[in-house]
Every structure is written in C-alpha cells, then in structure tokens.
Amino acid sequence: MNSGDAMKVLIVDDEKGIIDVIKEYCENEGMHTEYALNGEDALKKLNENIYDVMILDVMMPVMDGFTMLKKLDSDKKVPTIVLSARSEEYDKLEGFNLGIDDYVTKPFSPKELMARIKAVTNRHIDTRDSYKYGDLDINFRARTIKIDGKKINVTPKEFEILEYLIKNKGDAISREQLLSTIWGYDFFGDDRTVDTHIKMLRNSLGKYRDLIETVRGLGYKFNDEN
C-alpha cells in the first residue's frame, strides 16, 4: 500500500451479515472493501486485483478457506487474517502452516479485528513486493537480491529466512519460530540448522551482514535503524 492510498480489504465469508459488519467498520476507518462468498470467488478476485489484507472464513460452500489458500499462487498471496468459528488448535496450526498472519475466532469484536488488521498490514507495509536499503535491492516476487546492481545468489531457504525477517523487521524471531515457519512444524532438525543458514546468508550479504542481528538466547532480528 502506498502512502496516501486507501487500504484495500478483501472479505471472504458466506455470511452476508458478518460481511456487512466488517465492511461498515472498515469503511469507517477509511478502508476500501470488496467481498467474496466462497474460496472460488476469492481466488478469481485475488488473481485480478491487489489487496492489502484478506479476512478469510474457513467453512464456506464451493471451496473452503484452507483449500483456497493451498490453490493460491505464491505471487498472489496477501496478508491474511482467518476469521472462523473453528477454534481447535489443529485448525490454527493448519492456518499458520499455510502462511496466514493471524487467527480470530467467532464470535468476534469488530473493534479488535480493526486493530488486528492494522497490526498485520503495518508488518507488511512497503515490504510486500520489494525492500531497498542503500544499494541493497530485494524483490520478493522475483526472489532476487542485488547489491550494487549485482545479483547475489542464495539458496531458497536462505531467501525465505531473509524475507521473513524483513517482513517482521524489528521483532526478535526465535530459532524455533524460524524452523516452524520456514521448514514446517514436522521438520526434524535443531537450532544449528537455522544458525548455519543465517551464517551463509550473512556471508552472501557482505557489507549488509550486520542487518541481521543475533538476539542472545533467542534467535535473530532484522534491524535497519542503526
């Protein structure tokens, strides 16, 4: 979302009453809203438009929310808050495994949902498609890193780690969080896996290696404010 533009929200739910409530609160905050009544319609909208955030129900006819996320192309993914009556831990883990940013259970507070929308979009703002710092240029959609205009080669996992740290910059990210997010909850590995990839990534970043800070006893964070 560019500065000065209205935030664009896609609401995906089969209950029109819930759509209307979210729509009213969003528009009162100056956001522009569109909606879809099932996952199939949402896929069409996501393939044709760019949204800043998606509010997604899980249980819907035609195509449920999780199936829709699985079918969504990686370059069309959008910051997502699941809003569902399903509150089991399994459902939440499934959602986070599919890359969602937040999970809210119904019944819900519209005011709290607005706060969560702002928190999620603030984490993603200006970093969804690209990131620039000095002559470091990272394109997330093209999955490229350039320094002084020269392409830097990293492994897919190293790129995913860097992208995750940048999109959560300033936050201390634990090694366990990186393992579960980048490798998946069922990955059999230990903290040394993360440390090894961070070491290689820092070597590739050269003069920008110190942008990835070590948080003693926890993990790492991306800090470009020094």
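Procedures and definitions
- Residues numbered from 1 in each chain as written.
- Predicted model: local features only at pLDDT ≥ 70, side-chain atom pairs only at ≥ 80, totals over all residues.
- Heavy atoms only, no water.
- Salt bridge = Lys/Arg side-chain N within 4 Å of Asp/Glu carboxyl O.
- Helix = DSSP H or I, 4+ residues; strand = E, 2+ residues; numbered from the N terminus.
- Buried < 20%, exposed > 50% of the residue type's maximum accessible area, 1.4 Å probe, protein only.
- Pairing = 2+ DSSP bridges.
- Contact = heavy atoms within 4.5 Å.
- Axes fitted to C-alpha atoms, helices over the stretch in contact; angles between N-to-C directions.
- Phe/Tyr/Trp six-rings, centres within 6.5 Å; stacked < 30°, edge-to-face > 60°.
- Parallel < 35°, antiparallel > 145°, perpendicular 65-115°, else oblique.
- Nonpolar A, V, L, I, M, F, W, Y, C, P; charged D, E, K, R; others polar.
- Core = buried A, V, L, I, M, F, W, Y, C linked by side-chain atoms within 4.5 Å.
- pLDDT = per-residue confidence, 0-100.
- Left-handed = near helix turned anticlockwise from the far one by under 90°.

*Asks:* Can you walk me through the pattern of salt bridges in this structure?
*Replies:* Pairing of side chains with opposite charge becomes possible as their charged atoms draw close. One pass over the structure, following the stated rule, counts 18 salt bridges. In this structure, lysine 167 and glutamate 163 form a salt bridge, with 3.0 Å as the shortest nitrogen-oxygen distance. Of this pair, lysine 167 and glutamate 163 both sit in helix α6 (residues 156-167), four residues apart, roughly one helical turn. Taking the relative accessible area as the measure of exposure, lysine 167 reaches 14% and is therefore buried.

*Asks:* Looking at this structure, I do not really get the sheet that holds strand β11 (residues 212-215). What am I missing?
*Replies:* Strand pairs in the sheet, formed through backbone hydrogen bonds, run parallel or antiparallel to each other. Ordered in space as β10-β12-β11, the three strands form an open sheet in which the pairing is antiparallel. A single partner strand is all that each edge strand has here, and the edge strands are β10 (173-174) and β11. Where β11 and strand β12 (residues 219-222) come together, four bridges link them in antiparallel fashion. Bridge pairing in β12 links glutamate 213 to lysine 221. In the packing of α6 onto the sheet, the strands contacted are β10, β11 and β12, and the crossing angle to β12 comes to about 65 degrees.

*Asks:* What is the right way to look at the sheet that holds strand β7 (residues 136-139) in this model?
*Replies:* Strand order in this open sheet of four strands is β6-β7-β8-β9, and the pairing throughout is antiparallel. Across the chains shown, the open sheet's two edge strands, defined by having one partner strand only, are β6 (130-133) and β9 (150-151). Pairing between β7 and strand β8 (residues 144-147): four bridges, direction antiparallel. Within β8, the residue paired with asparagine 139 across the bridge is threonine 144. Relative to β7, α6 is tilted by about 100 degrees, and along the sheet it contacts β6, β7 and β8.

*Asks:* Would you take a moment to explain the packing of aromatic side chains for this structure?
*Replies:* Within a pair of aromatic rings, the relevant descriptors are the distance that separates the centres and the angle that separates the planes. With the rule as written, the count across this model stands at three aromatic pairs. Ring geometry for tyrosine 131 and phenylalanine 222: centres 5.5 Å apart, planes at 85 degrees, overall edge-to-face. In this pair, tyrosine 131 is assigned in strand β6 and phenylalanine 222 in strand β12, connecting sequence segments 91 residues apart. The pair formed by tyrosine 131 and phenylalanine 222 is uniform in burial state, with each residue classed as buried. Pairing phenylalanine 140 with phenylalanine 159 gives two aromatic rings, centres 6.3 Å apart and planes at 75 degrees, and the pair type is edge-to-face.

*Asks:* Can you walk me through the pairing of β7 in this structure?
*Replies:* On a regular strand, one side chain projects to one face of the sheet and the next to the other, so that they alternate. Because side chains alternate across β7, one face comprises the buried residues Leu136 and Ile138, and the other comprises Asp137 and Asn139, none of which is buried. Counted along the chain from β6 to the antiparallel partner β7, the turn is two residues long, and its residue glycine 134 has a positive phi close to 60 degrees. The turn linking β7 back onto β8 is made up of four residues, and arginine 143 within it adopts a positive phi angle of 60 degrees.

*Asks:* Would you take a moment to explain the pairing of β6 for this structure?
*Replies:* Of the strand pairs in this sheet, β6 and β7 are connected by four bridges, and their pairing is antiparallel. If you follow lysine 132 over to β7, its bridge partner there is aspartate 137.

*Asks:* Explanation requested: the packing of helix α7 (residues 175-183) against helix α8 (residues 191-205) in the structure shown.
*Replies:* Look at α7 against α8: their axes get within 9 Å of each other, and the N-to-C directions meet at 80 degrees. Regarding the angle of α7 to α8, the classification is roughly perpendicular. Only Asp191, Thr193, Val194, Asp195 and His197 of α8 make contact with α7, whose side of the interface consists of Arg175, Glu176, Leu178, Leu179 and Trp183. A class-by-class count of the residues in the contact of α7 with α8 yields four nonpolar, two polar and four charged.

*Asks:* Please clarify how the nonpolar core should be interpreted in this entry.
*Replies:* Proteins that are soluble and globular tend to have nonpolar side chains buried together. In this structure, Leu136, Ile138, Leu162, Leu165, Leu178 and Ile212 are the most contacted members of the largest nonpolar core, which totals 26 residues. Secondary structure elements with two or more residues in this core: β7, β8, α6, α7, α8 and β12. Among the elements that make up this core, the one with the highest residue count is α6 (six residues). Ignoring any residue separated from it by four or fewer positions in sequence, one finds leucine 178 in contact with Ile161, Tyr164, Leu165, Ile173, Trp183, Val194 and Tyr220. Listed in part, the 20 residues of the second largest apolar core include Leu46, Phe66, Leu72 and Val82.

*Asks:* Is there a simple way to explain the confidence of the model for the protein chain in this structure?
*Replies:* Regions with low pLDDT carry predicted coordinates that are not meant to be interpreted in detail. Per-residue pLDDT for the protein chain has a mean of 87; in total, 92% of the residues score no lower than 70. Within the protein chain, the element-level pLDDT minimum falls on helix α5 (residues 110-124), averaging 83, and the maximum on β11, averaging 96.

*Asks:* Got a minute to help me understand the packing of α6 against α7 in this structure?
*Replies:* Axis angle and axis distance: for two packed helices, these are the angle between their axes and the distance between the axes, and together they describe the pair. Orientation of α6 relative to α7, taken along the N-to-C sense of each, is 120 degrees, at an axis distance of 10 Å. Our classification of the angle between α6 and α7 gives oblique. Considering how the two elements wind past one another, α6 and α7 form a crossing that is right-handed. Across the interface between the two elements, Lys157, Glu160, Ile161, Tyr164 and Leu165 from α6 touch Gln177, Leu178, Thr181, Ile182 and Trp183 from α7. The residue inventory of the contact of α6 with α7, partitioned by class, reads six nonpolar, two polar and two charged.

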